[in-house]
Amino acid sequence: MTSSADSALAHDLLVLAERAARAAGDLIRDERPDRLGVSATKTSPTDVVTVMDERSEALLRDLLLRERPDDGLLGEEGGGRAGSTGITWVVDPIDGTVNYLYGLPAYAVSVAAVTGDVRGGDWDVLAGCVHNPASGETFTAARGGGAFLDGRPLRVSDVSDPAQALVATGFGYEAERRRRQAEVVAAVLPQVRDIRRLGSAAIDLCQVACGRVDAYFERGLQPWDMAAGTLVAREAGAIVSGLAGAAPGEQFVLAAGPSLHAALEQILAPLRPDADAV
Ligand code: IPD
Ligand code: CA
């Protein structure tokens, strides 16, 4: 495939990703019940699913596969299927579910079109959209085409000194993992400007892209948490990786502009933030 055919495909996929993310965003914002309950739990009692996660994922699956019936799909709430085109839609119907449950306005729908082996960790994102229906903000990126917030081009911050860096992070749902994550944060906090825990990995990565935070790190992310946001951050100039040049994935993700990324990796690596026990 030529590169202009590649970018035309990425553009078309982005148009569809944004349409789907906005439709699901309207649904979760407009039809959120006043008394929203937890309909199930996943990895721990704090890892919740609401009826709106399920409805949002059903909407995304129906819309995306109606338009592109031969693509694959991987969704947080179990909506998986293999496709035959080489493209898989990786969707998080509500990223920031706990914020959504409490009515805090930091949640998003994340929709990405990827190629490669998503479960095996060897994949590339062609197009991605992170839409926060509570703030109305929409982050978009197509590979090689830059990153945008509501149509405005994005660039990561130029902070390179960790002491001046505002650093976002997040925590998993399992108690033992959180204990370790808290140890890592305790060691990092005195060395940076401050720490933020926004509650949505997709939004965290987009905040790196637009310089509202300087960096973000987390262990335990799943493909749906990070697919679209990773492309938005990279297209805005961030390095998004694991430790020691590893691909970003469940083991660890660090996102920042190039020189801050290198400096933070020096602080983080000895703390073994990619391990549950040391
Ligand atoms: C979670 C959020 C959170 C992050 C967790 C994710 P969910 O996704 O992105 O910020 O710290 O690791 O699991 O459960 O809200 O879709
Ligand atoms: Ca998520």
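Further up the page is the structure itself.
Residues numbered from 1 in each chain as written. Chains lettered and ligands numbered in written order. Predicted model: local features only at pLDDT ≥ 70, side-chain atom pairs only at ≥ 80, totals over all residues. Heavy atoms only, no water.

Draft legend 1. Quick look at a nonpolar patch on the surface. Taken together, the side chains of Val-98, Tyr-102 and Leu-104 define a hydrophobic patch exposed on the protein surface, amounting to about 320 Å² of accessible area. Mapping Tyr-102 onto the fold places it in helix α3 (residues 97-102). (Patch = residues over 30% accessible without salt bridge, like charges linked within 9 Å, V, L, I, M, F, W, Y side chains within 5 Å. Areas by Shrake-Rupley, 256 points an atom, 1.4 Å probe, with all protein chains shown as cover. Salt bridge = Lys/Arg side-chain N within 4 Å of Asp/Glu carboxyl O. Helix = DSSP H or I, 4+ residues; strand = E, 2+ residues; numbered from the N terminus.)

Draft legend 2. The pairing of strand β4 (residues 87-95), seen in detail. Among the 9 residues of β4, 9 are classified as buried, and the element is accordingly described as predominantly covered. In terms of strand pairing, strand β3 (residues 72-75) meets β4 through 4 bridges, oriented parallel. Paired with Gly-75 across the bridge in β4 is Val-91. Bridge count between β4 and strand β5 (residues 108-117): 7 bridges; the pairing is antiparallel. (Buried < 20%, exposed > 50% of the residue type's maximum accessible area, 1.4 Å probe, protein only. Pairing = 2+ DSSP bridges.)

Draft legend 3. Spatial organisation of the coordination of the calcium ion (ligand 2). For the calcium ion (ligand 2), the protein coordination sphere consists of Glu-76 (OE), Asp-92 (OD), Asp-95 (OD) and Asp-225 (OD), at 2.1 to 3.2 Å. Binding-site remark: the calcium ion (ligand 2) is held by donors from one chain whose sequence spacing is E-x15-D-x2-D-x129-D. With a gap of 130 residues between them, Asp-95 in strand β4 and Asp-225 in helix α6 (residues 223-235) connect regions that are remote in the sequence. Exposure class is identical for Asp-95 and Asp-225. Each is buried. (Donors = N, O, S within 2.8 Å, 3.2 Å for Na, K, Ca; no water.)

Draft legend 4. Molecular detail of the packing of helix α5 (residues 201-209) against α6. The contact between α5 and α6 brings their axes to 8 Å, and the two run at 5°. The orientation of α5 with respect to α6, classified from their angle, is roughly parallel. Note on element contacts: α6 touches α5 through Asp-225, Met-226, Gly-229, Thr-230, Val-232 and Ala-233, opposite Ala-201, Ala-202, Leu-205, Cys-206 and Ala-209. Of the residues that constitute the contact of α5 with α6, the class distribution is 8 nonpolar, 2 polar and 1 charged. (Axes fitted to C-alpha atoms, helices over the stretch in contact; angles between N-to-C directions. Parallel < 35°, antiparallel > 145°, perpendicular 65-115°, else oblique. Contact = heavy atoms within 4.5 Å. Nonpolar A, V, L, I, M, F, W, Y, C, P; charged D, E, K, R; others polar.)

Draft legend 5. Spatial organisation of the packing of aromatic side chains. Counting across every chain of the model gives 2 aromatic pairs. For the ring pair Tyr-100 and Tyr-107, a centre distance of 4.9 Å and an interplane angle of 75° mean the geometry is edge-to-face. Each of the two residues, Tyr-100 as well as Tyr-107, counts as buried. Where Phe-217 meets Phe-252, the ring centres are 6.1 Å apart and the plane angle is 35°; that geometry is what we call tilted. Note that Phe-217 is positioned in strand β12 (residues 215-218) and Phe-252 in the loop between β13 (239-241) and β14 (253-256), a separation of 35 residues in sequence. No difference in accessibility class separates Phe-217 from Phe-252, as the two residues are buried. Looking at Arg-32, its charged tip hangs above the ring of Tyr-100, at a distance of 5.5 Å from the centre. (Phe/Tyr/Trp six-rings, centres within 6.5 Å; stacked < 30°, edge-to-face > 60°. Lys NZ or Arg CZ within 6 Å of the ring centre and 35° of its normal.)

Draft legend 6. Geometry of the site of ligand 1. As a structural note, the neighbourhood of ligand 1 is formed by 16 residues, with Asp-95, Gly-96, Thr-97, Tyr-173 and Glu-218 the closest of them. Ile-94 places a main-chain nitrogen or oxygen 3.2 Å from an oxygen atom of ligand 1. At 2.8 Å, a backbone N or O of Ala-201 approaches an oxygen atom of ligand 1. For ligand 1, whose accessible area on its own is 380 Å², the fraction buried by protein is 94%. For the shell around ligand 1, the leading source of residues is β4, giving 3 residues. Across the shell around ligand 1, the residue classes tally to 5 nonpolar, 5 polar and 6 charged. Mapped onto the domain boundaries, the shell around ligand 1 takes at least three residues apiece from domain 1 (4-153) and domain 2 (162-271). (Near = heavy atom within 4 Å. Polar contact = N/O pair within 3.5 Å; in protein donor to acceptor, adjacent residues only side chain to side chain. Domains from an automatic or database assignment.)

Draft legend 7. A look at the side chain of Arg-180. Tracing the chain through its elements places Arg-180 in helix α4 (residues 175-188). Owing to a relative accessible area of 9%, Arg-180 belongs among the buried residues under this scheme. Once residues lying within four places of it in the same chain are set aside, the contact partners of Arg-180 are Leu-271, Arg-272, Pro-273, Ala-275, Asp-276, Ala-277 and Val-278.

Draft legend 8. A look at the nonpolar core. Ranked by internal contacts, the top residues of the largest apolar core, which has 39 residues, are Val-114, Leu-154 and Val-232. Those elements that provide at least two residues to this core are β5, β6 (122-132), β7 (137-142), β8 (147-149), β10 (166-169), α5, α6 and β14. Domain assignment of the residues forming this core places at least three in each of domain 1 (4-153) and domain 2 (162-271). Ignoring any residue separated from it by four or fewer positions in sequence, one finds Val-232 in contact with Gly-128, Phe-139, Thr-140, Ala-141, Ala-147, Leu-154, Cys-206 and Ala-209. Leu-36, Met-52, Leu-73 and Val-109 belong to the second largest nonpolar core, which has 31 residues in total. (Core = buried A, V, L, I, M, F, W, Y, C linked by side-chain atoms within 4.5 Å.)

All quantities given are derived from atomic positions and should not be read as evidence of function.
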